[in-house]
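Residues per chain, in single letters:
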Amino acid sequence: MLTLTDLVDALGPGLLRLVTPGGADGRADGGAQVHDVVLAEPGEAAGQPGELVLGAGVAGPPDAVALLERAAAAGAAGVVLKAPLADDPAVAAAAARLRPALVELQPDTSWTHVVWLARGAIDRAYAPLPGAADGGVHNDLFALADTAAEIADAPVTLEDARSRVLAYSGRQDRADPARVSTIVGRRVPAQVIAHLRACGVFRSLARSSDPVHVPAGPDGMLPRLVIPVRAGGEWLGSIWVVARTPVPPDRVRRLADLASVLALHLLRLRAEAGVARRVLADQLRGALRDGADGVPAPPPWRVAALGGGADGDLRQRLDLWDAIARRFGWHRPLLTDVDDTLFAVLTDPPGPRRDAGSMAWLRNVLVQVRAHDRTLYAAAGGPARSPAGLPRARSEAAELAGLVASGRLPAGTVLLEDAWDAVVVERARRAAGGPVLGGPVPDLRAHDAANGTAFVPTLAAWLDHFGDTKGTAEALGVHPNTLRHRLRRMAEVAALDLSSPRRRLALRLQLNALEEGPAPRNE
């Protein structure tokens, strides 16, 4: 399923903006499903359920309102209007009272391009197999790289805004070591990025559409000509040319024209990748909630709750962990969210292997990333050997993550088999965390509150040290005789029977609930 919100997010703010989510029936969340885009025909029905209607021929507010009304009558998912028409008061008022969502299109965007990009994303969402729609766009990018190389008469790479190589030309005979390393590693080397930053290259690319000339750099790096690739003011990527000699101005203009074509392909690639990620997340969410068969990796699995990083919403955490996973070689990370918690589904093969996306791989990754951010952590439940075990594994991971977030367990990599006792105690603490049912605890707490004594912490320390007077006294920082006197006074204040193992366990659970949670009432 692909929702309207998913489609708008996938195509990006440089192209579309959701003005009103629609849903006059009370479902105002932009959650209507979309399975096609259609052009509005004058005087005819505007779309069908599940279709996004493009207002290509709308000339003014009256036409726009009429189109919205026709789309509402047909049950269409939404209507797309070019800016600034979508912000007209009459249009906005009509959109607010009608069911179809209203989407704004940037004014300089071709309707043909919108159809191409949107249908590519929709096709990707409903592709029968993951990755089924990827080959066409990637093949186009390599063809464009070859075209750019012919124009410039030099080796070319196409890169995204994160300096990741998307495609490269067939002719790399005059490339330098930095270019070879970039192509082999699919990423610009760190020392080259440092040189580019020092020259202000990325700052120029992010702010301007003008070509950038880069001087020669470290390790025999030859000069570069960089053509920014932009759409709707957004920097999407760039064309990098190895320029041993200056590229003539007429060829630079032709490369700039090619950049506008490349922008459409990058938008489509991003849209399809975004939709693919959402479809996969939905499959994983179903697997973690209901045990559905939707994990594209062999069992056994581990479900890990991922947390930490800078404060932010769930989407920011997802972007952070997605970037970490891809940076360390997991190119199709199995990430999803359930109940506001981010989870990863990892493989857990036996032996010392650290394949990307495995539990052993994640432990190694966390060691490296926590050197820079000590708040990052992963809490993994027990192994799941079939889809039916995934909900249980998710629940265990969420429990461990809650203990890490509350400070009861240290951050890092936390496995259930290493912290099972903390989970057992936490479950018991929650069960015992209601009103105190009886026993000596209420009387001891009341005496402490009225007289400034420390009977409750003394009882907790005595239970923790198995009744050992010396160990308990050292933990409390008092003399053993003082402890013995305090225990006698406690027995006078409350009926303190510590001879039963079951009562000692019940007392410790009550005290644990008092220490970790809000004070229960004696009702």
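Residues numbered from 1 in each chain as written. Predicted model: local features only at pLDDT ≥ 70, side-chain atom pairs only at ≥ 80, totals over all residues. Heavy atoms only, no water.

The protein chain has the name PucR family transcriptional regulator in an unreviewed UniProt entry, where Actinomadura chibensis is given as its organism.

### A word on helix α12 (residues 390-405)
Selection rule: Helix numbers and strand numbers start at the N terminus; a helix is a DSSP run of H or I with at least 4 residues, a strand a run of E with at least 2. Expected helix span is taken as 1.5 Å per residue step, with the number of steps being one fewer than the number of residues. Residue burial is assigned from relative accessible area. The probe radius is 1.4 Å, only protein chains are included, and a residue is buried under 20% of its type maximum, exposed over 50%, and partly exposed in between.
Taking 1.5 Å per residue, 16 residues should reach 22 Å; α12 reaches 22 Å between its end C-alpha atoms and fits that length. Within α12, the full set of buried residues consists of L390, P391, A393, R394, E396, A397, E399, L400, A401, L403 and V404. G407 occupies a position one or two residues after α12 and carries a positive phi of about 85 degrees.

### Focus on the pairing of strand β3 (residues 51-54)
Operational definition: Strands are labelled as partners when DSSP assigns at least two bridges between them. A right-handed crossover is one whose linking path, passing over the helix from the first strand to the second, runs clockwise when the strands point away from the viewer.
Because side chains alternate across β3, one face comprises the buried residues E51 and V53, and the other comprises L52 and L54, equally buried. Judged from the 4 bridges that link them, strand β2 (residues 36-39) and β3 form a sheet pairing that is parallel. Among the inter-strand pairings, L39 is bridged to a residue of β3, identified as L54. As paired elements, β3 and strand β4 (residues 78-82) share 3 bridges and run parallel to each other. Looking across to β4, one finds that L52 is bridged to G78. What joins β3 to β4 is helix α2 (residues 61-74), and the crossover it makes is right-handed.

### What about the pattern of salt bridges?
Heads up, the condition is: Just to be clear on terms, a salt bridge is a Lys or Arg side-chain nitrogen sitting within 4 Å of an Asp or Glu carboxyl oxygen.
Tallied over the entire structure, the rule returns 18 salt bridges. We note a salt bridge from D337 to R285, for which the minimum N-O separation is 3.0 Å. Of this pair, D337 sits in strand β12 (residues 335-338) while R285 sits in helix α9 (residues 249-290), and the two are 52 residues apart along the sequence. Of the charged contacts in the structure, one is a salt bridge between E399 and R427, with a shortest N-O distance of 2.7 Å. With a gap of 28 residues between them, E399 in helix α12 and R427 in helix α13 (residues 416-431) connect regions that are remote in the sequence.

### A closer look at the sheet that holds strand β5 (residues 101-105)
Here is the rule we go by: Comment: axis = line fitted to C-alpha atoms, over the contacting stretch for helices; angle = value between 0 and 180 degrees taken between N-to-C directions. Residues are treated as being in contact if the distance between any of their heavy atoms lies within 4.5 Å.
With mixed pairing, the 5 strands of this open sheet are ordered in space as β1-β5-β4-β3-β2. Looking along the sheet, the strands with just one partner apiece sit at the ends: β1 (16-20) and β2. For this sheet the average axis-to-axis angle between neighbouring strands, irrespective of direction, equals 30 degrees. Packing of α2 onto the sheet brings it into contact with β3, β4 and β5, and relative to β4 it is tilted by some 165 degrees.

### Overview of the environment of G286
As for its position among the elements, G286 is in helix α9. Judged by its relative accessible area of 21%, G286 falls in the partly exposed class. Along the backbone, G286 and T336 are 50 residues apart, and their C-alpha atoms lie at a distance of 9.9 Å. Look past the residues within four positions of G286 in its chain and what remains in contact with it is G291 and A292.

### Focus on the packing of helix α10 (residues 314-327) against helix α11 (residues 359-369)
Packed helix pairs are characterised by how far apart their axes lie and by the angle those axes make with each other. Short version of the rule: For classification purposes, angles smaller than 35 degrees are called roughly parallel, those larger than 145 roughly antiparallel, those between 65 and 115 roughly perpendicular, and all remaining angles oblique. Residue type decides the class: Asp, Glu, Lys and Arg count as charged, Ala, Val, Leu, Ile, Met, Phe, Trp, Tyr, Cys and Pro as nonpolar, and the leftover types, Gly among them, as polar.
Viewed as axis vectors pointing N to C, α10 and α11 meet at an angle of 105 degrees, and their least axial separation amounts to 11 Å. Our classification of the angle between α10 and α11 gives roughly perpendicular. On α11, the residues that touch W321, I324 and A325 of α10 are W361, L362, V365, L366 and V369. Here the residues of the contact of α10 with α11 are counted per class, giving 8 nonpolar, no polar and no charged.

### Regarding the nonpolar core
Stated precisely, the cut-off is as follows: As used in this record, nonpolar core signifies buried Ala, Val, Leu, Ile, Met, Phe, Trp, Tyr and Cys residues forming a set joined through side-chain atoms within 4.5 Å.
L158 and I239 are the most contacted members of the largest nonpolar core, which has 59 residues in total. In contact with I239, not counting residues within four places along its chain, are A148, V156, T157, L158, L225, V226, I227, V229, L255, A259 and L262. Counting residues in hydrophobic clusters, the runner-up holds 50 residues, among them A297, M359, W361 and L409.

### With respect to the packing of helix α15 (residues 455-464) against helix α17 (residues 480-493)
Heads up, the rule is: Left-handed describes a crossing whose near helix is turned anticlockwise from the far helix through less than a right angle; right-handed describes the clockwise counterpart.
Packing of α15 against α17 leaves a shortest axis separation of 11 Å and a crossing angle of 115 degrees. The pairing of α15 with α17 is recorded here as roughly perpendicular in orientation. Two packed elements cross with a definite hand, and for α15 against α17 that hand is left-handed. In this structure, α15 uses F455, T458, L459 and W462 to contact α17, whose residues at the interface are L483, R486, L487, R489, M490 and V493.

### A short note on the pairing of β12
Across 4 bridges, β12 lies against strand β13 (residues 341-347) in antiparallel orientation. Counted as the bridge partner of D337 is L342 from β13.

### A look at the environment of D322
Inspection of the secondary structure puts D322 in helix α10. Taking relative accessible area as the criterion, D322 reaches 7% and is therefore assigned buried. Here the alpha-carbon distance between D322 and R332, two residues 10 residues apart in the chain, equals 8.9 Å. In contact with D322, not counting residues within four places along its chain, are R277, P333 and L335.

### With respect to helix α7 (residues 190-198)
Note the cut-off: By arc we mean the arc of the directions from the helix axis to the C-beta atoms, nothing more.
Within α7 the residues assigned to the buried category are V192, I193, H195 and L196. Down the axis, α7 shows its buried residues gathered within 160 degrees of arc, on one side only. Summarising the geometry of α7, the exposed residues directed more than 90 degrees from the buried face are A190, R197 and A198. Looking one or two residues past α7, G200 carries a phi angle of roughly 75 degrees, positive in sign.

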